[in-house]
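Residue strings, one per chain:
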Amino acid sequence: DRFEFFEGTYPKWVIACREHLLDQVNITARTTTLAKLLSEFVIPGKYPDHPALLLHRDTPFDTAGYERFIHSISNTQKRSTHYQCLVFFDWVLDEYCTDDDDSGERVYLPGYRNPLKTILNALLDTLPSPRPSESVKPVLPLQYIERARQYLFPNEAKTLSELPHL
């Protein structure tokens, strides 16, 4: 278990992490991410021993420390690691920081927020995507495109019946 090391100093974080992982997919990657979050961000930041307290506005959130934590990870994993932390904090909010109002609707308790959505909401957009958004193949020169167009649809053809090769 990746969390055994933290049980003595941060038992409530360990309980929350284990409970969160019960209804998740790709548990191995998420376990690694949460263990890194504990060892490289929560413990060095000397945060309280309950994840809900980190989400309260009275607890200063070290944005520079969190960005250092994310940027210490390989480029291919930065985006997914940040997203997994964001999902975990959302889960903590829903699990520990909500109450039912008079109409039965769940509402966040006053003062609680997900700092990754409020303070660092633009961070996800700045992180590199593991796959390029566009092709990395060389551009096909226009002369080849024009020749193919002329072959498929010559200027003389006015209807599809005039294109016997199609």
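These numbers come from a predicted model, not from an experiment.

Brief notes about the packing of helix α2 (residues 27–42) against helix α4 (residues 63–71)
The contact between α2 and α4 brings their axes to 10 Å, and the two run at 130°. With respect to their mutual orientation, α2 and α4 come out oblique. When you trace α2 past α4, the crossing you get is right-handed. Taking contact as the criterion, the partners of T33, K36, L37, E40 and F41 in α2 are, on α4, G65, Y66 and F69. Of the residues that constitute the contact of α2 with α4, the class distribution is 4 nonpolar, 2 polar and 2 charged.

Looking at unusual backbone geometry
Positive phi is not limited to glycine here, since N26 has a value of about 55°. The exposed category is assigned to N26, whose relative accessible area is 51%. The phi dihedral of K46 is positive, around 55°, even though this residue is not glycine. Looking at where K46 falls in the secondary structure, it is placed in the loop between α2 and α3 (51–54).

Remarks on the packing of α4 against helix α5 (residues 75–96)
For any two helices packed against each other, one specifies the crossing angle of their axes together with the interaxial distance. Orientation of α4 relative to α5, taken along the N-to-C sense of each, is 135°, at an axis distance of 9 Å. As summarised for this structure, α4 and α5 are arranged oblique, according to the angle between their axes. On the side of α4, the interface is formed by Y66, F69, I70 and H71, while α5 contributes K78, T81, H82 and C85. Class assignment of the residues belonging to the contact of α4 with α5 gives a composition of 4 nonpolar, 3 polar and 1 charged.

Examining the side chain of Q84
Mapped onto the secondary structure, Q84 falls in helix α5. Of the residues examined, Q84 reaches a relative accessible area of 11% and is grouped as buried.

Considering the nonpolar core
One finds L37, Y66 and F88 to be the most contacted residues of the largest nonpolar core, which totals 33 residues. Taken together, the elements giving at least two residues each to this core come down to α1 (11–21), α2, α3, α4 and α5. In this view, L37 contacts W13, V42, Y66, F69, C85, F88 and F89; residues no more than four positions away in its chain are not counted.

Scoring rules and cut-offs
Residues numbered from 1 in each chain as written. Predicted model: local features only at pLDDT ≥ 70, side-chain atom pairs only at ≥ 80, totals over all residues. Heavy atoms only, no water. Axes fitted to C-alpha atoms, helices over the stretch in contact; angles between N-to-C directions. Helix = DSSP H or I, 4+ residues; strand = E, 2+ residues; numbered from the N terminus. Parallel < 35°, antiparallel > 145°, perpendicular 65-115°, else oblique. Left-handed = near helix turned anticlockwise from the far one by under 90°. Contact = heavy atoms within 4.5 Å. Nonpolar A, V, L, I, M, F, W, Y, C, P; charged D, E, K, R; others polar. Buried < 20%, exposed > 50% of the residue type's maximum accessible area, 1.4 Å probe, protein only. Core = buried A, V, L, I, M, F, W, Y, C linked by side-chain atoms within 4.5 Å.

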